[in-house]
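Structure at a glance
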Amino acid sequence: MSGPSDAARTPSLAERAAAALFGRDRASQMLGMRLDAAWPGGARVVMRVRTDMVNGHGVCHGGLVFALADSAFAFACNSSNRATVAASAQIEFLIPAELGDVLTATAREHWRSRRAGIYDVLVENQAGTRVALFRGRSHELGHPVIEDSGNRP
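Residues numbered from 1 in each chain as written. Predicted model: local features only at pLDDT ≥ 70, side-chain atom pairs only at ≥ 80, totals over all residues. Heavy atoms only, no water.

The subject of this paragraph is the overall build of the protein chain. Summing up its helical and strand segments, the protein chain has three helices and six strands in all. The secondary structure elements of the protein chain, listed N-terminal to C-terminal, are α-α-β-β-α-β-β-β-β. Taking 15 Å as the expected radius of gyration for a compact globule of 153 residues, we find that the protein chain reaches 15 Å, a close match to that expectation. Across its three principal axes, the protein chain shows a C-alpha extent of roughly 50 × 35 × 25 Å. Relative to its full complement of 153 residues, the protein chain shows a buried share of 44%. At a minimum sequence separation of 6, the contacts of the protein chain that also span at least 24 residues come to 65%. Only carbon and sulfur atoms are counted for the fraction: they give 54% of the accessible area of the protein chain, which is about 8,000 Å². In the protein chain, which carries 17 positive and 15 negative side-chain charges, the distance between the mean positions of the two groups comes to 5 Å. (Helix = DSSP H or I, 4+ residues; strand = E, 2+ residues; numbered from the N terminus. Rg over C-alpha atoms; globule rule 2.2 N^0.38 Å. Buried < 20%, exposed > 50% of the residue type's maximum accessible area, 1.4 Å probe, protein only. Contact = heavy atoms within 4.5 Å. Areas by Shrake-Rupley, 256 points an atom, 1.4 Å probe, with all protein chains shown as cover. Lys, Arg positive; Asp, Glu negative; His and termini not counted. Charge placed at Lys NZ, Arg CZ, Asp CG, Glu CD.)

Right under this line is the structure:
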């Protein structure tokens, strides 16, 4: 999640919460996802389409595109360090993802109240072509993702 130029920078609360959640997310790890970035209200996750992800039509299984978008959604809605889960989600598949494609899911918060939020996730391939649009509604559970005694922003 960090590059050489920001090695001395202290990770933000959003980055620390997302990294902790990703560290416990065995499903995303098993699918080869990489948490690329996290910021307040947003996150970016990357996944390469492997041979074991291709369906009978020779394209990436839609459920795996959904899983990628759902993971980005999860890291975005937990970026405030308030444990949050999905209450609902829907996806629109625009074009098929192909074997070998590198998919990037970018999640952004559109609205958040005390215990709920709405997030949109754009999934694109390596050419920047839109593959899917996902919208999720979140529900806060009432406890932190990580204990953060410093309460750093």
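Once that is clear, we can look at the nonpolar core. If you look at the biggest cluster of nonpolar residues, it comprises 39 residues, and the most contacted ones within it are Val65, Leu68, Phe75, Leu103, Val121 and Val123. Secondary structure elements with two or more residues in this core: α1 (13–24), β1 (34–39), β2 (42–48), α3 (62–77), β3 (82–93), β4 (102–112), β5 (116–124) and β6 (130–144). For this core, the element with the highest residue contribution is α3, accounting for 10 residues. When sequence neighbours within four positions are dropped, the list of residues in contact with Phe75 reads Ala18, Leu21, Phe22, Asp25, Leu35, Ala43 and Val45. (Core = buried A, V, L, I, M, F, W, Y, C linked by side-chain atoms within 4.5 Å.)

Another aspect to go through is a nonpolar patch on the surface. A cluster of nonpolar side chains, Leu94, Ile95 and Leu133, forms an exposed patch at the surface whose accessible area comes to about 220 Å². With respect to the helices, strands and loops of the structure, Leu94 is situated in the loop between β3 and β4. (Patch = residues over 30% accessible without salt bridge, like charges linked within 9 Å, V, L, I, M, F, W, Y side chains within 5 Å. Salt bridge = Lys/Arg side-chain N within 4 Å of Asp/Glu carboxyl O.)

Scanning all chains against the criterion turns up four aromatic pairs. Three or more aromatic residues joined by ring pairs form one cluster here, namely Phe66, Phe73, Tyr119 and Phe134. (Phe/Tyr/Trp six-rings, centres within 6.5 Å; stacked < 30°, edge-to-face > 60°.)

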